[in-house]
Amino acid sequence: MAELTINGNTEEVNEKDTITDKDLPLSFTQDRHLESIEGIDCVAQMWRMKERMKTVSVALVLCLNVGVDPPDIVKTQPCARLESWIGQNLQTQYERWQPRARYKQSLDPTSDEVKKLCTSLRRNAKEERVLFHYNGHGVPKPTANGEIWVFNRTYTQYIPLSIYDLQTWMGAPSIYVYDCSNAGIIVESFKQFAIQHESEYEVLPMNPDLPADLFTACLTTPIKVALRWFVLQPTSKLMPKVNLDLIDKIPGQITDRRTMLGELNWIFTAITDTIAWNTLPRDLFQKLFRQDLLVASLFRNFLLAERIMRSCDCSPVSHPALPPTYQHPMWNAWDLALDLSLGQLAGIIKNEDTFEHLPFFEEQLTAFQVWLQLAELSGSEERNPPEQLPIVLQVLLSQVHRMRALELLGKFLDLGPWAVNLALSVGIFPYVLKLLQSCARELRPMLVFIWAKILAVDNTCQADLVRDHGHKYFLSVVQDTSISPDNRTQATFILASIVNNYRDGQEAALQGSLVSVCLEQLNDPCPHLRQWVAICLGRLWNHYEKARWTGVRDIAHEKLYNLLRDPCPEVRAAAVYALGTFINSVTERSEHANNIDHSIVMTLVNTVSGDMSCLVRKELVNALQWVVLAFEPVFLNVAMKEHNNISPVQDTVVTPTGMRRIASRDIIRINDYDSKENLKKTNLDTKENLKKTSSISCLNSMGSNQIMTQSHTGSLGTLPGLGYGSVYMKMWNALRLLETDPHPEIAQMCCTVTGYIRGVAKSPPTLHPPETIQKLSRPALAKRARKIHRNTVNEESEEKVRQPLVDTKFIEWSSKRFAQSNKRQKGDTESSFHYERDWRQTRNSNIRIEASEEQRRALASRVESQVFHTRTAVAPSLLQLHPFDQQIAVAGNDSFAIWDWGTGAKTTVCQNKSTKLISSKVTALEWINGHDIAMLMVASEDGSIKLWRPNVGMSREPSLISAWQAFNELKPKYTGVIMTWEQWTQTLITSGDTRVIRFWDAERELKAYDIPTGTDSSVTCLDSTFSSICHENHKKHHNKYGLDDDDGLIIDNDGLAAGSKLGLCVAGCADGSVRLFDRRCSPSEARVKIWMEHPGSVLGVQLRDNLVVSGSSSGDVKIYDIRRNDSIHTTQAIQNYGMSCISIHRSANTYACGSLNQFISIYTLKGTLINTIRFYEGFMGHKIGPVTCLNYHPHKVALATGTSDCCVNVYSLEGRR
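Residues numbered from 1 in each chain as written. Predicted model: local features only at pLDDT ≥ 70, side-chain atom pairs only at ≥ 80, totals over all residues. Heavy atoms only, no water.

Overview of the confidence of the model for the chain
So, step 1. Looking at the chain, the pLDDT average stands at 82 and 82% of residues meet or exceed 70.
So, step 2. Predicted confidence for residues 193-201 stays below pLDDT 50, and this span has eleven contacts to residues more than four positions away or in other chains.
So, step 3. Here residues 765-799 scores under 50 on pLDDT; set against residues more than four positions off or in separate chains, the count is 34 contacts. (pLDDT = per-residue confidence, 0-100. Contact = heavy atoms within 4.5 Å.)

Describing the pairing of strand S33 (residues 1150-1155)
So, step 1. The buried fraction of S33 amounts to six of the six residues, a majority that puts the element mostly inside the structure.
So, step 2. Residues Thr1150, Ala1152 and Gly1154 point to one face of S33 and Tyr1151, Cys1153 and Ser1155 to the other, with burial holding for every one of them.
So, step 3. Across five bridges, the pairing between strand S32 (residues 1139-1144) and S33 is antiparallel. Within S33, the position partnered with isoleucine 1142 by the bridge is cysteine 1153.
So, step 4. Joining the antiparallel neighbours S32 and S33 is a turn of five residues. (Buried < 20%, exposed > 50% of the residue type's maximum accessible area, 1.4 Å probe, protein only. Helix = DSSP H or I, 4+ residues; strand = E, 2+ residues; numbered from the N terminus. Pairing = 2+ DSSP bridges.)

A word on the pairing of strand S23 (residues 1006-1012)
So, step 1. Both strand S22 (residues 996-1001) and S23 contribute to a ladder of six bridges, which runs antiparallel. In the sheet register, tryptophan 1000 faces S23, and the bridge partner there is lysine 1007.
So, step 2. Connecting S22 to the next strand, S23, in antiparallel fashion are four residues, including glutamate 1005 with a positive phi near 55°.

Here's the deal with the side chain of aspartate 1078
So, step 1. Looking at where aspartate 1078 falls in the secondary structure, it is placed in strand S26 (residues 1074-1078).
So, step 2. Within the buried set, aspartate 1078 has no salt-bridge partner at all; the shortest N-O distance to an opposite charge, 4.3 Å, is to arginine 1080.
So, step 3. From its side chain, aspartate 1078 meets the backbone nitrogen of arginine 1080 in a polar contact 3.1 Å long. (Lys, Arg positive; Asp, Glu negative; His and termini not counted. Salt bridge = Lys/Arg side-chain N within 4 Å of Asp/Glu carboxyl O. Polar contact = N/O pair within 3.5 Å; in protein donor to acceptor, adjacent residues only side chain to side chain.)

Some words on a nonpolar patch on the surface
So, step 1. Nonpolar side chains collect at one region of the surface, where Val370, Leu374 and Leu377 lie side by side and expose about 310 Å² of accessible area between them.
So, step 2. Taking relative accessible area as the criterion, leucine 377 reaches 75% and is therefore assigned exposed. (Patch = residues over 30% accessible without salt bridge, like charges linked within 9 Å, V, L, I, M, F, W, Y side chains within 5 Å. Areas by Shrake-Rupley, 256 points an atom, 1.4 Å probe, with all protein chains shown as cover.)

A closer look at the packing of helix H19 (residues 444-457) against helix H22 (residues 485-498)
When two helices pack together, their arrangement is given by the angle between the helix axes and by the axis-to-axis distance.
So, step 1. Direction vectors running N to C along H19 and H22 enclose 40°, while the axes themselves pass 9 Å from each other. Put simply, H19 runs oblique to H22. By crossing handedness, the relation of H19 to H22 is classed as left-handed. Residues Pro445, Val448, Phe449, Trp451, Ala452, Leu455 and Ala456 of H19 lie in contact with H22, whose contacting residues are Asn487, Gln490, Ala491, Phe493, Ile494 and Ser497.
So, step 2. The residue makeup of the contact of H19 with H22, split by class, is ten nonpolar, three polar and no charged. (Axes fitted to C-alpha atoms, helices over the stretch in contact; angles between N-to-C directions. Parallel < 35°, antiparallel > 145°, perpendicular 65-115°, else oblique. Left-handed = near helix turned anticlockwise from the far one by under 90°. Nonpolar A, V, L, I, M, F, W, Y, C, P; charged D, E, K, R; others polar.)

Concerning the pattern of salt bridges
So, step 1. The tally for this structure, following the rule as stated, stands at 40 salt bridges.
So, step 2. Between aspartate 932 and arginine 840 there is a salt bridge, and its shortest N-O distance comes to 3.4 Å. Of this pair, aspartate 932 sits in the loop between strand S16 (922-928) and strand S17 (935-940) while arginine 840 sits in helix H40 (residues 832-857), placing them 92 residues apart in sequence. For the residue pair aspartate 932 and arginine 840, the accessibility class agrees, reading buried in each case.
So, step 3. Close ionic contact of aspartate 1001 with arginine 1004 constitutes a salt bridge, the shortest N to O distance being 3.6 Å.
So, step 4. According to the relative accessible area criterion, arginine 1004 is partly exposed, its value standing at 38%.

Brief notes about helix H17 (residues 417-426)
So, step 1. Counting buried residues along H17, ten of its ten residues qualify, which places the element largely inside the surrounding structure.
So, step 2. What H17 keeps buried is the set Pro417, Trp418, Ala419, Val420, Asn421, Leu422, Ala423, Leu424, Ser425 and Val426.
So, step 3. Looking at the residues trailing H17, positive phi occurs at glycine 427, about 110°.

What about the nonpolar core?
So, step 1. Judged by nonpolar contacts, the single largest core of 216 residues is most densely connected at Tyr94, Trp334, Phe412, Ile428, Trp451, Phe474 and Ile494.
So, step 2. The element best represented in this core is helix H30 (residues 614-630), accounting for twelve residues.
So, step 3. Listed in part, the 27 residues of the second largest apolar core include Leu121, Val130, Leu161 and Leu166. (Core = buried A, V, L, I, M, F, W, Y, C linked by side-chain atoms within 4.5 Å.)

A look at helix H31 (residues 632-645)
So, step 1. Taking 1.5 Å per residue, 14 residues should reach 20 Å; H31 reaches 20 Å between its end C-alpha atoms and fits that length.
So, step 2. Taken together, the buried positions of H31 are occupied by Glu632, Val634, Phe635, Leu636, Asn637, Val638, Ala639 and Glu642. (Expected span 1.5 Å × (residues − 1).)

Considerations on the sheet that holds strand S25 (residues 1064-1069)
So, step 1. Strand order in the open sheet formed by four strands is S24-S25-S26-S27, with antiparallel pairing between adjacent strands. Of all strands in the sheet, those bounded by a partner on one side alone are strand S24 (1019-1024) and strand S27 (1087-1091). Between one strand and the next, the sheet's axes are offset by a mean angle of 20°, whatever the strand orientation.
So, step 2. Where S24 and S25 come together, five bridges link them in antiparallel fashion. Bridge assignment links valine 1019 to a residue of S25, and that residue is cysteine 1069.

A few points about the packing of aromatic side chains
So, step 1. Tallied over the full model, the rule gives 32 aromatic pairs.
So, step 2. Ring geometry for phenylalanine 493 and tryptophan 532: centres 5.0 Å apart, planes at 85°, overall edge-to-face. Here the residue phenylalanine 493 occupies a position in helix H22, and tryptophan 532 occupies one in helix H25 (residues 527-540), the gap between them amounting to 39 residues.
So, step 3. A residue is classified by how much of its surface remains accessible, and phenylalanine 493, at 1% relative accessible area, is buried.
So, step 4. Overall, the relative accessible area of 1% leaves tryptophan 532 in the buried class.
So, step 5. A network of ring pairs unites the aromatic residues Phe215, Phe285, Phe289, Phe299 and Phe302 as a single cluster.
So, step 6. Over the aromatic face of phenylalanine 818 sits the side chain of arginine 817, whose NZ or CZ is 5.3 Å from the ring centroid. (Phe/Tyr/Trp six-rings, centres within 6.5 Å; stacked < 30°, edge-to-face > 60°. Lys NZ or Arg CZ within 6 Å of the ring centre and 35° of its normal.)

Regarding the sheet that holds strand S29 (residues 1107-1112)
So, step 1. Pairing is antiparallel across the open sheet formed by four strands, whose spatial order is S28-S29-S30-S31. Since the sheet does not close on itself, it has two edges, and those belong to strand S28 (1098-1104) and strand S31 (1127-1132), each with one partner. On average, each strand axis in the sheet is tilted by 15° relative to the strand beside it, whichever way the strands run.
So, step 2. Bridge count between strand S30 (residues 1116-1121) and S31: five bridges; the pairing is antiparallel. Each bridged residue has a counterpart across the sheet, and for isoleucine 1119 the counterpart in S31 is histidine 1129.

Observations concerning unusual backbone geometry
So, step 1. A cis amide bond, omega 0°, links alanine 172 with the succeeding residue proline 173.
So, step 2. Mapped onto the elements of the fold, proline 173 is located in the loop between helix H4 (163-170) and strand S8 (174-179).
So, step 3. Residue proline 320 is bonded to the preceding histidine 319 through a cis peptide linkage, with omega at 5°.
So, step 4. For proline 320, the position within the fold is in the loop between helix H12 (293-310) and helix H13 (330-351).
So, step 5. Even without being glycine, histidine 543 reaches a positive phi, approximately 60°.
So, step 6. Assignment of secondary structure puts histidine 543 in the loop between H25 and helix H26 (545-553).
So, step 7. By relative accessible area, which is 26% here, histidine 543 ends up partly exposed.

Here you go:
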């Protein structure tokens, strides 16, 4: 149990009900804040063959001369005589792999017959591959000169045939199979290398139980040869019922995986693929095992031939040479499969038993699953690739194991882009492409997940998907509401990838009604789905006008307007992107197109130009550039008018590019619009007509009647008038405002766009003379131009796509999410990230315990023990102590620094540069996420707010996390921008030299609402119910369900209240008034109390439950009860208007007052003086300077002070006696 003191009353509160650090949300910690907005840093490997090949012609040359043995071969007795692959049988085996090839047999041929055969096949094959199969069992061994033997016409002589001549006749590309003794010498001659001595003496095996043409048998009938060879091994004695006669009676078809023979062939394919993929270099594997079906089958079987023939002291060779594979451990799995199959063979043949399928694939999937589990615990990318990956792809062919295989494959691809590249290199693509033809609904989630991973890494697959109508599969998934939002988001991403810069994909998707499908999903509760629906639409009509007009018919652009106020910044940025490409898709300008684009531009400018998120404002600049480029002649004249109207005495600012330009708040004066009445009428008309502009209506009322008649008529050759109320002037002013955006990247982007126009405007040949503009603006010319070009496409504009002036990587960054692993380290309770956070929470709890003891002593102990002292370059104006770390932020002029007040080291220093003013004073500091990894929020008198993250390590320069303009037209006169931060509600409350209090929703990065202050005086200080650490005094159920009546809030009718609507807010003003606001009420009714008792400006104010404490420059400190109209206590802390600053402790009932008369007084809330600080510590301690700023530690009774003599000190309670 814990004690909670409220107004002197003590009540017990269960610790489980109090708000702890674990309950506090974190702000500005999303990926968009902490990482660079750029695409994924990976290189897609060349898994796709540059060109697939096909073996279209096969020459079968058999030199057997049956009955006559060659003279140089001494055969054993008995020896192998079985030549069952002669002629037609051999052709039948090859036809199983390539049934459409052109086969030619040549039995015991002459040299001329071989030449005629080869030249004929090459002529018919053209650029495709030709296979030459040579069986030389009836002729002598090849010669040392690289010659094979054929016959003369009467079969009385052996005639040599040069390999060189054979190459000439065969041409390229070709593949050769030599089945003869001493074949290695042929390969070496083929490569024109020296003859290897060990191959000169190798003779074909003569085992009578094996085929005489064992090499050919392994290449063409691998399963039966493997079975026959396995039975001949000593281990086969364990199965006495199996003999060679049963091998020829194995039931089933080689192509039917449900039978024994078919399943063995399936397993054999998986094993040989696995051996090759784990042994061969990737490029060689692609060439031999993925380019040509027949070649892949030959080389798979070659691996078996190497294993069997090496057991017979024979070494098959190939070119390109393959590394030895005959001892690969996967052969043990093959032997096990053969053993289990042969164990069933006798019963199947004799008793007609049912064949029981082998557990090979289940076991391999289990092994793959174990690898994945270990990969999640360690650095998966550093581990060796899983050798079972090719087997997983083979399992996709099985309906029994397909679902499990897809799940494991999805987990593997989720490891990162490297895993996707591995899967593509092994040949995943044709498998998952074919599965899109499946109607099984249970496969949809995993297939969508896998395809999203593939396209996130390699977008070149879009052509294959369109060709096989794969986009229809994903269109159906997006529309299926029974599927999870994550999978529908992935399907939308896939569709967006299909249409990305690919016209065939855009046309196919448009025919599939992608526009209407996406528009139906715009209001989906899932923010990622809304984001990608908008991106998909933007990519669909990018440079594709037909899709744009389909969107116009469905008023797509108006439906996208709703997303511009979406709670998710990524969705808002995606909507801006989509509207930008919508504008850029027009190839031939018309009045209708221009009116729509005008409406879009003004909606964008009015809605998102002041967005809190940098992501959104960057996309806004990116979108507005297309309007500038589309109407370049108009903006050139705008720039010229701006140049001519700049006077030397006008205020100038320095832009990020170093250019001097007029301030954004200055208005370009146009002679025709000097009168205030016209200006007022223009603004009223604009506001009224921008509320709703139909996609089929013209924007006739963007300004006054005069502007309407001069507005852009729509033809390429016409130019509008450039009155102040015109669309183009408003957009140009918006661009000029963005030139001074607080975020330097956005300001730089905008300066690039406007700088391009200003640069071109300086070249007279590119400008239209005034008389030319008048001629081109005539209605007759506009009408004639529209008549000529209406509903036509400009050929030049199609040929030449506009190049952007600036670019963002928002879309690429959004796509990166699909390539990265979904398992983040933050969710791992065993990670260092988790342990560090747990340590911080424990430290925070200990600090609170220590601080509570100090708070009990605060009323009786003096605060005068100096624990920190440093000097600054300029006099400090603001101080802010970190609630838990020993850090203090100090601001002076336009800079700030952070010190460790425990060690005295300066850890961070930064100049908070302004894009509006040459120097902008820092006016407020706030720690964000103080309970975790803290960031510092800095407000300036130019109206900007910037969020900085101090860097850890050698760098003292902080990183800019976010920046936005709190008030656009703020004119600094007293306080600039002041603010207070609520961590519990994630609300930033701002005010200052303005007439409103503005509430910002940090979670959504949106302006929540404004409350009028009701006074022309500046707001000098702010506080609220949940400011700083005040949430620790409230219960958890106050989070979303409102506070009870005693806390000044009423629960909404629906039981829910937005965080920014929670609690009270109090403001102190320069006129001495203290104003109380109830945020639950409407803005016009929110001001519930005003106390006008201070004779001077209010320097500090604090809301303590039902009490308000305030102090003013006149030296008086007052306490109010929010239920009364007058103060309940007054203390004259400092006489004669000498108070310069005040700080009120959050928990201890004390406050400190600083004076320009060089002293600091510390009082209790009841007005009792505790002590006064006048001198620095030390034997010769001199008097402190005039006090400029004070700040109490949020928990501890420690006081930070800043004085005009450039000194910063921290004082703590005196030690116990």
